[in-house]
Amino acid sequence: MLSVVDVSKSYGSFAAVRRVSLEVRPGQVTGLLGPNGAGKTTLIRMMTAYLTPSSGSIAVCGHDTVDASAAARASIGYLPEAAPLYPEMSVEGYIQYRAGLFGLPRATRRAAVEAVIERCWLREMRRRRISALSKGYRQRTGLAAALLHNPPVIVLDEPTSGLDPTQIRGMRDLICDLGKTRTVLVSSHILPEVEQTCDRVVIIAAGQVRAEGSPRELIDQHASNAPAFISVEAANADRAEALMKGLVGVASARRVSPPSAPIASFEVFGRADGSAALLPAIARAAASAGVLLVELRQVRPSLEQVFEKVITSSAHSESAEAHPQPPRPVLSH
Amino acid sequence: MLAVAFREYASFFRTPLGWLVVALFAFLSGISFVTATLVPGEPASLRAFFGEWWGLLIVVCPAISMRLLSEEIRTGTIEPLLTSPRAEFGIVAGKFAAALAFFATALAPTLLFVATLMALARPEVGPMFSGYLGMLLLGSLYLAVGTFVSSLTASQTLAFLATLFSIMLVEFGSQRLAAIAPQPLDRFVSALSASARIGDFAKGIVDTSHVAFFVCASLLFVSLAAITLRVRRWR
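Reading the values: rules and limits
Residues numbered from 1 in each chain as written. Chains lettered and ligands numbered in written order. Predicted model: local features only at pLDDT ≥ 70, side-chain atom pairs only at ≥ 80, totals over all residues. Helix = DSSP H or I, 4+ residues; strand = E, 2+ residues; numbered from the N terminus. Rg over C-alpha atoms; globule rule 2.2 N^0.38 Å. Buried ≥ 20, exposed ≤ 12 C-beta atoms within 10 Å, placed from the backbone. Contact = placed C-beta atoms within 7 Å. Nonpolar A, V, L, I, M, F, W, Y, C, P; charged D, E, K, R; others polar. Domains from an automatic or database assignment. Core = buried A, V, L, I, M, F, W, Y, C linked by C-beta atoms within 7 Å. Axes fitted to C-alpha atoms, helices over the stretch in contact; angles between N-to-C directions. Parallel < 35°, antiparallel > 145°, perpendicular 65-115°, else oblique. Left-handed = near helix turned anticlockwise from the far one by under 90°. Pairing = 2+ DSSP bridges. pLDDT = per-residue confidence, 0-100. Expected span 1.5 Å × (residues − 1). Bend = angle between axes of the 7 residues up to and from the residue.

Engineer: I'm lost on the overall build of chain B in this one. Help?
Structural biologist: In terms of helices and strands, chain B carries 12 helices and zero strands. Its C-alpha radius of gyration of 19 Å places chain B within 12% of the 18 Å reference for a compact globule of 235 residues. Expressed along its principal axes, the backbone C-alpha trace of chain B runs to roughly 60 × 50 × 30 Å. Burial statistics for chain B: of 235 residues in total, 40% are counted as buried. A fraction of 80% describes how many contacts in chain B between residues 6 or more apart in sequence connect residues 24 or more apart.

Engineer: Before we go on, may I ask you to explain the interface of chain B and chain A in this structure?
Structural biologist: Note on interface size: it is often stated as the accessible area lost on association of the parts. Every contact between the two is made by 19 residues of chain B and, on the other side, 21 residues of chain A. When contributions to the side of chain B that touches chain A are tallied by element, the ones reaching two or more residues are helix H1 (2-14), helix H5 (78-82) and helix H12 (208-234) of chain B. Per-element tally for the side of chain B that touches chain A: the top contributor is H1(B), with five residues. A breakdown of the residues in the side of chain B that touches chain A according to their chemical character gives seven nonpolar, seven polar and five charged.

Engineer: Would you explain the domain arrangement of chain A in this entry?
Structural biologist: When its domains are assigned, chain A resolves into domain 1 (2-221) and domain 2 (224-298). Domain 1 of chain A and domain 2 of chain A are separated by 46 Å when their C-alpha centres are compared.

Engineer: Would you mind going over the nonpolar core with me for this structure?
Structural biologist: Note on soluble globular proteins: their nonpolar side chains tend to be buried together. Counting residues in each nonpolar core, the largest one holds 137 residues, and the members touching the most others are A:Ile95, A:Ala144 and B:Leu138. Of all the elements, helix H6 (residues 88-107) of chain B adds the most residues to this core, at 12 residues. In contact with B:Leu138, other than residues within four places in its own chain, are B:Trp54, B:Leu57, B:Ala194, B:Ile198 and B:Phe214. Counting residues in each nonpolar core, the second largest holds 15 residues, with A:Ala228, A:Val250, A:Ala253 and A:Ile282 among its members.

Engineer: I keep staring at the packing of H1(B) against H6(B) and nothing clicks. Help me out?
Structural biologist: Describing two packed helices takes the angle between their axes plus the distance from one axis to the other. All names here are of chain B. Put simply, H1 and H6 touch, their axes get as near as 7 Å, and they point 40° apart. By the angle class used here, H1 and H6 are oblique. Handedness of the crossing formed by H1 with H6: right-handed. Residues Leu2, Val4, Ala5, Glu8, Tyr9 and Phe12 of H1 form the contact with H6, whose participating residues are Ile91, Gly94, Lys95, Ala97, Ala98, Ala101 and Phe102.

Engineer: What exactly am I supposed to notice about the environment of B:Cys61 here?
Structural biologist: Residues and elements named next belong to chain B. Structurally, Cys61 can be placed in helix H3 (residues 47-65). Assessed through the 27 C-beta atoms surrounding it within 10 Å, Cys61 is described here as buried. When the C-alpha positions of Cys61 and Leu100 are compared, they lie 9.2 Å apart, and in sequence the two are 39 residues distant. Setting aside chain neighbours within four positions, we find Cys61 in contact with Phe103, Gly139, Tyr142, Leu143 and Gly146.

Engineer: In this structure, what is going on with the sheet that holds strand S7 (residues 153-157) of chain A? I would like to understand it.
Structural biologist: Hydrogen bonding along the main chain pairs the strands of a sheet, whether they run parallel or antiparallel. All names here are of chain A. Ordered in space as S6-S7-S8-S3-S9-S10, the six strands form an open sheet in which the pairing is mixed. Lying at the two open borders of the sheet, with one neighbouring strand each, are strand S6 (76-79) and strand S10 (208-213). Within the sheet, the average angular offset between the axes of one strand and its neighbour, ignoring direction, is 15°. Bridge count between S7 and strand S8 (residues 183-187): five bridges; the pairing is parallel. Considered in S8, the bridge of Val153 is made with Thr183. With respect to the sheet, helix H5 (residues 135-147) is in contact with S6 and S7, its orientation differing from that of S6 by roughly 170°.

Engineer: Where do I start with the confidence of the model for chain A in this structure?
Structural biologist: For chain A, the average pLDDT comes to 87, and 93% of its residues sit at 70 or higher. Low pLDDT, under 50, characterises residues 327-333 of chain A; the predicted model gives this stretch zero contacts beyond four residues in sequence or across chains.

Engineer: Looking at this model, I keep getting lost on the pairing of strand S3 (residues 28-33) of chain A. Mind explaining?
Structural biologist: On a regular strand, one side chain projects to one face of the sheet and the next to the other, so that they alternate. All names here are of chain A. For S3, the buried fraction is high: five of the six residues fall into the buried class. Bridge count for S3 against strand S9 (residues 200-205) is four bridges, and the pairing is parallel. Within S9, the residue paired with Leu32 across the bridge is Val202.

Engineer: Help me understand the packing of helix H3 (residues 91-101) of chain A against H1(B), please; the structure alone is not making it clear to me.
Structural biologist: Two numbers describe how H3(A) lies on H1(B): the axes approach to 8 Å, and their chain directions differ by 150°. If you check the angle between H3(A) and H1(B), you find them roughly antiparallel. Each of A:Tyr97, A:Gly100 and A:Leu101 in H3(A) lies in contact with H1(B), whose residues at this interface are B:Leu2, B:Ala3 and B:Arg7. Split by residue class, the contact of H3(A) with H1(B) holds four nonpolar, one polar and one charged.

Engineer: Honestly, the sheet that holds strand S5 (residues 63-64) of chain A in this entry has me stumped. Any pointers?
Structural biologist: Residue and element names in this part refer to chain A. Pairing is antiparallel across the open sheet formed by four strands, whose spatial order is S2-S1-S4-S5. Pairing within the sheet leaves two strands with one partner each, and these edge strands are strand S2 (14-24) and S5. Where strand S4 (residues 55-60) meets S5, two bridges bridge the pair, whose relative direction is antiparallel. Following the sheet pairing, Val60 is matched in S5 by His63.

Engineer: Just checking my understanding: could you explain the environment of A:Gln167 for this structure?
Structural biologist: Within the secondary structure layout, A:Gln167 lies in helix H6 (residues 165-181). Residue A:Gln167 is classed as partly exposed on the basis of its C-beta count, with 18 C-beta atoms lying within 10 Å.

Engineer: When you look at the confidence of the model for chain B in this model, what are you seeing that I'm missing?
Structural biologist: Averaged over every residue, the pLDDT of chain B is 87; residues scoring 70 or more account for 100%. For this predicted complex, the interface score ipTM comes out at 0.86, alongside a pTM of 0.84.

Engineer: I would appreciate a short explanation of the pairing of S9(A) in the present structure.
Structural biologist: Residue and element names in this part refer to chain A. Taken across its six residues, S9 has six buried, putting it largely inside the fold. Along S9, one buried face is formed by Arg200, Val202 and Ile204 and the opposite face, lined by Val201, Ile203 and Ala205, is buried too. Of the strand pairs in this sheet, S9 and S10 are connected by five bridges, and their pairing is antiparallel. Its bridge partner being in S10, Ile203 is matched across the sheet by Ala211. Here S9 folds back onto S10 in antiparallel fashion, the turn holding two residues, of which Ala206 has a positive phi close to 50°.

Engineer: Teacher, can you tell me more about H3(B) here?
Structural biologist: Every α-helical turn comprises 3.6 residues, leaving residues that sit three or four positions apart pointing alike. Residue and element names in this part refer to chain B. Between its first and last C-alpha atoms H3 spans 27 Å; for 19 residues at 1.5 Å apiece the expected length is 27 Å, and the two agree. Remark: the principal bend of H3, roughly 40°, maps to Leu56. Taken together, the buried positions of H3 are Arg47, Phe50, Trp53, Trp54, Leu57, Val60, Cys61, Pro62, Ile64 and Ser65. Packing partners of the buried residues in H3 comprise helix H2 (16-37), H6, helix H8 (125-150), helix H9 (156-180) and helix H11 (194-203).

Engineer: Hey, could you run me through the environment of B:Leu2 in this one?
Structural biologist: Structurally, the position occupied by B:Leu2 is in helix H1. Along the sequence, B:Leu2 and B:Gly94 sit 92 residues apart, while their C-alpha atoms lie 6.1 Å from each other. Other than its neighbours up to four places away in sequence, B:Leu2 contacts A:Gly100 and B:Gly94.

In structure tokens:
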């Protein structure tokens, strides 16, 4: 539905997006994640044909954003970051204007405007001037304008920024609802939001795709290095700690509960294979030593932790590329 | 194009600037009419009015056109506009048409002068018609230049000043240059001056070469503005 092939974009000598390829599929919500300056907005602007790629191609519903730009733009509903609007217009006036801009037939225009006003909870505000709206309502007005022409592809750049918790919940439900029937791409830096809303996540950093998959897949990929979590009765704490440290494959064990707690908890880090393989060994060792395990599980990282890890590792590889280690001098004598 | 034109035209009246331009234009033209035309012994025509009022357009037109695209660039509304399926030329032409319509609206109160002359004497209608046509054509050219300049910057002030200076440079510079330019070049340089052509309209002469000049030059600057928007996508 939305296909990005080997796309790059440079501003002078600065490469904002570098050889990005990705596929945004229909019937799901794809989240585009990345730190500030990662190239998210540039990538989105190229997808929506606002900017032309320096190289590579983007197709929206089969229409190339350069060769068939108008058809590609007609297939997209786009909410830019910060929802830029005309402050002197009324909410309804602006939506009517967008209906004219997208060439909605007069016969269906009234119904389409009413539908998006209803869907984006703007009924009470329809006659209000945009300059008098709160940020949340401005965001909804921008969203209503993006949905007006019933586009098969919807691109939302930071749709929840500036919204209160209730509005965020409403926006999340709306995005999930849209994702059932359309191709939805959402850019966000609020990771718990993305985890709940998106079926698929693409993480970009320094203009390149660093990881992609469903939130579960990404978490699973990074779970192998996460520690095992063990809880025992406080009376058995010392024995349990010694037991774990004695196990082959355990790199370290760290007590995470306060000394006075009735239940003592530990994080156990595995060696090369990670901690997943340790769980049966820990269970067996505890059983044979007569130590009752209150809890034994592998810690699953959050999407936020995965994101941080991906970004940190990409930053390291970036600096390694930028400043390669000089070869060690060979001693001649 | 129509959606853009209607929105833009309406927005002139939603901001104080639009009303200020209309009021100032009506006030200054009223003074000119009372002091230059409505004087005993003067002929019942608007020739004096049209003859001196092209100069006011050098300031009024940049004030109308300065926000057309600069404001969109500054506030970011250019992004939803350029991601709509409308072509760049349609967007720019819509904005230019709205500015021209607003200029015509600002000119409308001066029709009272025509009514006054009609009531007091029996003026010739032809020169008045050609005078208004000349004002609209000249306004159209200056607004087209302003539309082009406003597509180049996010600053309204800069757009206003750059348009003003560009027009002044061509209007005053071409007359000076024509006087010193060598033989075949002087005609070309003097032909660039729009104000030199407007005198004929004030006299009641509608020269098709003048009309063609204004229409073609306006179209050229509107097209240049559309090209600038297209180039923005390649930045």
